[in-house]
Amino acid sequence: MTSRPLLETHALVKRFGGLTATDGLSLSVAEGELHALIGPNGAGKSTLIAQLSGELTPSEGRILFDGRDVTRLPPFKRSLRGLARSFQITSIFPSFTALDNVALAVQAHAGHSFRFWRDAGRDPRLAGPARAVLERVGLGARAATPASALAHGEKRQLELAMALATGPRLLLLDEPMAGMGPEESHRMVELLAELKGGVTILLVEHDMDAVFALADRITVLVRGKDLASGTPDQIRRDPAVREAYLGD
Ligand code: ADP
Ligand code: MG
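As a convention, each chain's residues are numbered from 1 in the sequence order in which they are written. Labels are handed out in written order, letters beginning with A for the chains and numbers beginning with 1 for the ligands. In keeping with the predicted nature of the model, local features appear solely for residues at pLDDT of at least 70, side-chain atom pairs appear and are counted solely at 80 or more, and the whole-chain, interface and lining totals rest on all residues.

**Section: the sheet that holds strand β10 (residues 225-230)**
To keep things clear, this is the line we draw: Between any two strands, pairing holds if DSSP finds at least two bridges. What counts as a helix is a DSSP run of H or I of at least four residues, what counts as a strand is a run of E of at least two, and both are numbered from the N terminus. Orientation is described by axes fitted as lines to C-alpha atoms, over the contacting stretch for helices, and by angles from 0 to 180 degrees between their N-to-C directions.
A sheet is described by the order of its strands in space; here six strands give the open sequence β6-β7-β8-β3-β9-β10, paired in mixed fashion. Either end of the sheet is taken by a strand with one partner, and the two such strands are β6 (83-85) and β10. Averaged over all adjacent pairs, the angle separating strand axes in this sheet is 20°, with direction ignored. Pairing geometry for β6 and strand β7 (residues 170-174), over three bridges, is parallel. Each bridged residue has a counterpart across the sheet, and for arginine 85 the counterpart in β7 is leucine 172.

**A closer look at the sheet that holds strand β5 (residues 68-69)**
Cut-off, in case you're wondering: Residue pairs are scored as contacts if the distance between their C-beta atoms, which are placed from the backbone, is within 7 Å.
Pairing within the open sheet is antiparallel, and its four strands lie in the order β2-β1-β4-β5. Each end of this open sheet is capped by a strand with a single partner; those strands are β2 (19-30) and β5. Note that strand β1 (residues 5-16) and β2 share nine bridges and pair antiparallel. Opposite proline 5, over in β2, you have alanine 30 as the bridge partner. Here helix α1 (residues 45-53) sits on the sheet and contacts β1, β2 and β4 (60-65); the angle it forms with β2, its principal contact strand, is near 65°.

**Looking at the domain arrangement of the protein**
Test applied: Domain segmentation is taken from an automatic or database assignment of domains. Under this grouping Gly is polar, as are all residues other than the nonpolar Ala, Val, Leu, Ile, Met, Phe, Trp, Tyr, Cys and Pro and the charged Asp, Glu, Lys and Arg.
One can read the domain layout of the protein as domain 1 (1-82 + 168-248) and domain 2 (93-166). In this structure, domain 1 and domain 2 have C-alpha centres spaced 26 Å apart. Each side of the interface is counted separately: domain 1 has 10 residues, and domain 2 has nine residues. Among the elements that line the side of domain 1 that touches domain 2, the one with the most residues is helix α6 (residues 182-195), at three residues. Classifying every residue of the side of domain 1 that touches domain 2 by side-chain character gives five nonpolar, three polar and two charged.

Shown next as structure tokens:
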């Protein structure tokens, strides 16, 4: 892929006391690609995602989004520029319907001053787009269901719907299939395949079949460092990756 980078990190470092979780990482995600980030537990994948979304501040280095420095920008400002992380189950309002939750996400992005508004889903300006996003993630039939009554996998779909409702240019997904059964995982892979191309995606996922099926490019993170970056074929053949991570 020859597109310009939509997201870059330059020599990014994140320390927690004596531990270096991100160790001089320079990463580039091209516009339009699905870029997978893999690596063993504790490699620093979630720490990187949290710095990209703005929940964690890097110790050193820079983050550029669409060519502009966002290193110190708070999460909501990044989200308004189109850099969105999947909402997390903790940010879903459990007593609200799926539709109301997504309508609130639409509202937040549309720049309306945020009002805590139970019936957002009844506002036609919000409900129309919210319903379309719910259909897109396969939750159309669950629009009127309170979020608390959704199955675990459906809650993950709702998180994704809420992220998509903000109209992101880059979607950060940290293990979107965690805790899902095989059928739900399969649907999530299909959904990511559909989204691919329309929105740039940085995907952390430990299911290697899903990663190798979906990714345009893969970065292998080990101890906070980029062990290798390349196409799925390059990664599969890379001797250092095979030794350190793929287990032969
Ligand atoms: P991954 O997502 O790849 O499994 P993490 O980014 O969660 O890895 O963690 C990377 C390293 O940073 C681990 O050693 C973890 O224990 C440590 N770590 C993560 N978050 C914190 C924190 N808030 N405080 C201290 N150490 C942390
Ligand atoms: Mg993690």
